[in-house]
Amino acid sequence: MNPPLQRLPLLRLLVCSSLILTLAMGIRHGFGLWLQPVTQGQGWTRETFSLAIAVQNLSWGVFGICAGMLADRWGSWRVLIGGSLLWTLGLCGMALADTPLLFTLSTGIVIGAAQSASTYGVIYGIIGRQIAPEKRSWAMGLTGAAGSFCQFLMMPLDGWMIATIGWQQALLLLAAATLLIGPLALALREPATPTTTAAGTAPQQGIWQAMREAAAYPSFRLLMAAYFVCGFQVVFIGVHLPSYLRDQGLAPQVASTALALIGLFNVFGTYGVGLLGQRWPHRFLLAGIYGSRVVAIMLFLLAPLTPWSVYAFAAVMGLLWLSTVPPTNAIVAQIFGVRHFSMLSGFVFCSHQVGSFTGVWLGGWLYDRNGSYDLVWLASIVLGVLAAAVSLPVRETAIERAPQRLAGQPR
């Protein structure tokens, strides 16, 4: 008989996980506010800034796979501490870089690696192992909602700091704040547990076996395709919406308020979807989210542009912003189990970040050539329709494995 499973105290797990996501995602969502201050202060084009953020998202995705492997093998708390140090180094580099190359290295690669080691893949790996399956979607939604609340708080704070002390000093203050992730990570050190089995199968599935199994599974590929679209949409909007609104003659405060509203309503959207995931099939929730984004974007572009239309769009998009995260990760855990969850979640999220790279870079590239974001808005609509369509055939049942094919098992 296996020894009883030891778990972290629920309150400590949820509070510390939420605070880490609050710091990491709160800072990450505010980068769009730095686009114009940085480019104007350094004399760079929007494409230069967009390329750095695009590299950041791609780096986040690629390093996310490695971070997931390390977390599954050596413990998530060690990865989180490394992420804290990378955040500090990357934000200092972003503030002090004086060439596009250095800016891309620090803002793109270093901060991207920091995000991979301190956000959803690593945090949800802890939750997946420590929370019973029947409460997993709720716990993921709750921690995601708590992280989203900081976006509501951080947007006005970021805008105020940029206006009062300057964009470089503001980044240095944020760099100091990220050091708080380290102590929080120590509180999430997981007790030693027996090897977790996946979907009722025998233990000891190796990393390469898990990767091959997931790559060959059609539903896993469909999730990756839909998550590409999610990244394309949210990062394009998050980074380029402030500049789009300024180009249309709206005050900078409108953009800050809009991003804050996205963060506020994302709290309700993420938590609400986490609750609904306990009752409804996750694939239906995903299809509904992507389809609703399409409607919201179309109405935003067709309606007269006023501060109130922007705020309405931000509120609706906030409900849909990161609400894809809990159901997507819950499906991965439900299909494959939690033994290699952080790694497999990293692969899915890598697709998200390839979409993020495409959306943010394409936005800057097309704007510099056409003076307009119209084509990227259109691409967001078309891709949203496709994402809704590919989410529906996803199978959520646990994968059937032949125990004799697993490592250490007789054939």
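Peer 1: Teacher, can you tell me more about the pattern of salt bridges here?
Peer 2: Opposite charge on two side chains lets them pair, provided their charged atoms get close. According to the stated counting rule, one finds 4 salt bridges in the structure shown. Measuring nitrogen to oxygen at the nearest pair gives 3.3 Å for the salt bridge that ties glutamate 396 to arginine 283. Separated by 113 residues along the polypeptide, glutamate 396 in the segment after helix H17 (374-391) and arginine 283 in helix H13 (residues 282-302) bring together distant segments of the chain. Each member of the salt-bridge network shares a partner with another, and the members are Asp72, Arg129 and Glu190.

Peer 1: So what exactly am I meant to see when it comes to the side chain of arginine 129 here?
Peer 2: Tracing the sequence through the fold places arginine 129 in helix H6 (residues 120-130). A distance of 3.3 Å separates the side chain of arginine 129 from the side chain of aspartate 72, its partner in a polar contact.

Peer 1: For this particular structure, what's the right way to read the confidence of the model for the protein chain?
Peer 2: Atom-level detail of predicted coordinates should not be read off regions where pLDDT is low. Of all residues in the protein chain, 92% attain a pLDDT of 70 or more, and the chain-wide mean is 85. Contacts for the low-pLDDT stretch residues 194-202, under 50 throughout, to residues beyond four places or in other chains number 19 contacts. Below a pLDDT of 50 lies the segment residues 404-411, which in the model reaches 15 contacts outside its immediate sequence neighbourhood of four places, other chains included.

Peer 1: What am I meant to see in the side chain of serine 106 here?
Peer 2: Checked against the element boundaries, serine 106 lands in helix H5 (residues 100-116). Separated by 3.4 Å, the side chain of serine 106 and the backbone oxygen of glycine 93 make a polar contact. A polar contact is formed between the side chain of serine 106 and the backbone oxygen of leucine 102, at a distance of 2.9 Å. Leaving out residues up to four positions away in the same chain, serine 106 has contacts with Gly90, Gly93, Met94, Ala97 and Ile111.

Peer 1: Looking at this structure, I do not really get the packing of aromatic side chains. What am I missing?
Peer 2: Geometrically, a pair of aromatic rings is defined through the distance of the ring centres and the angle of the planes. For the structure on display, the rule yields 18 aromatic pairs. Between the aromatic rings of phenylalanine 49 and phenylalanine 103, the centroid separation amounts to 5.8 Å while the plane-to-plane angle is 40°, which identifies the pairing as tilted. Placement of the pair is phenylalanine 49 in helix H3 (residues 46-74) and phenylalanine 103 in helix H5, with a sequence separation of 54 residues. With a centroid separation of 5.7 Å and 25° between ring planes, the pair formed by tryptophan 361 and tryptophan 365 is classed as stacked. Here tryptophan 365 and tryptophan 361 lie together in helix H16 (residues 341-370), a separation of 4 residues that amounts to about one turn.

Peer 1: Got a minute to help me understand a nonpolar patch on the surface in this structure?
Peer 2: Taken together, the side chains of Phe63, Leu101, Leu102, Leu105 and Ile109 present a nonpolar region at the surface, about 430 Å² in accessible area. With 4 residues, the single largest contributor to the nonpolar patch is H5. Mapping leucine 105 onto the fold places it in helix H5. Owing to a relative accessible area of 39%, leucine 105 belongs among the partly exposed residues under this scheme.

Peer 1: Looking at this structure, how should I read the packing of helix H4 (residues 76-96) against H6?
Peer 2: If you want to describe how two helices pack, look at the angle between their axes and the distance between the axes. Interhelical geometry of H4 versus H6 gives an angle of 160° and a closest axis separation of 10 Å. By the angle between their axes, H4 is roughly antiparallel relative to H6. As for the relative orientation of H4 and H6, their crossing is left-handed in sense. Residues Ser76, Val79 and Leu80 of H4 lie in contact with H6, whose contacting residues are Val122, Ile123, Ile126 and Arg129. Residues of the contact of H4 with H6, tallied by class, amount to 5 nonpolar, 1 polar and 1 charged.

Cut-off values and rules
- Residues numbered from 1 in each chain as written.
- Predicted model: local features only at pLDDT ≥ 70, side-chain atom pairs only at ≥ 80, totals over all residues.
- Heavy atoms only, no water.
- Salt bridge = Lys/Arg side-chain N within 4 Å of Asp/Glu carboxyl O.
- Helix = DSSP H or I, 4+ residues; strand = E, 2+ residues; numbered from the N terminus.
- Polar contact = N/O pair within 3.5 Å; in protein donor to acceptor, adjacent residues only side chain to side chain.
- pLDDT = per-residue confidence, 0-100.
- Contact = heavy atoms within 4.5 Å.
- Phe/Tyr/Trp six-rings, centres within 6.5 Å; stacked < 30°, edge-to-face > 60°.
- Patch = residues over 30% accessible without salt bridge, like charges linked within 9 Å, V, L, I, M, F, W, Y side chains within 5 Å.
- Areas by Shrake-Rupley, 256 points an atom, 1.4 Å probe, with all protein chains shown as cover.
- Buried < 20%, exposed > 50% of the residue type's maximum accessible area, 1.4 Å probe, protein only.
- Axes fitted to C-alpha atoms, helices over the stretch in contact; angles between N-to-C directions.
- Parallel < 35°, antiparallel > 145°, perpendicular 65-115°, else oblique.
- Left-handed = near helix turned anticlockwise from the far one by under 90°.
- Nonpolar A, V, L, I, M, F, W, Y, C, P; charged D, E, K, R; others polar.

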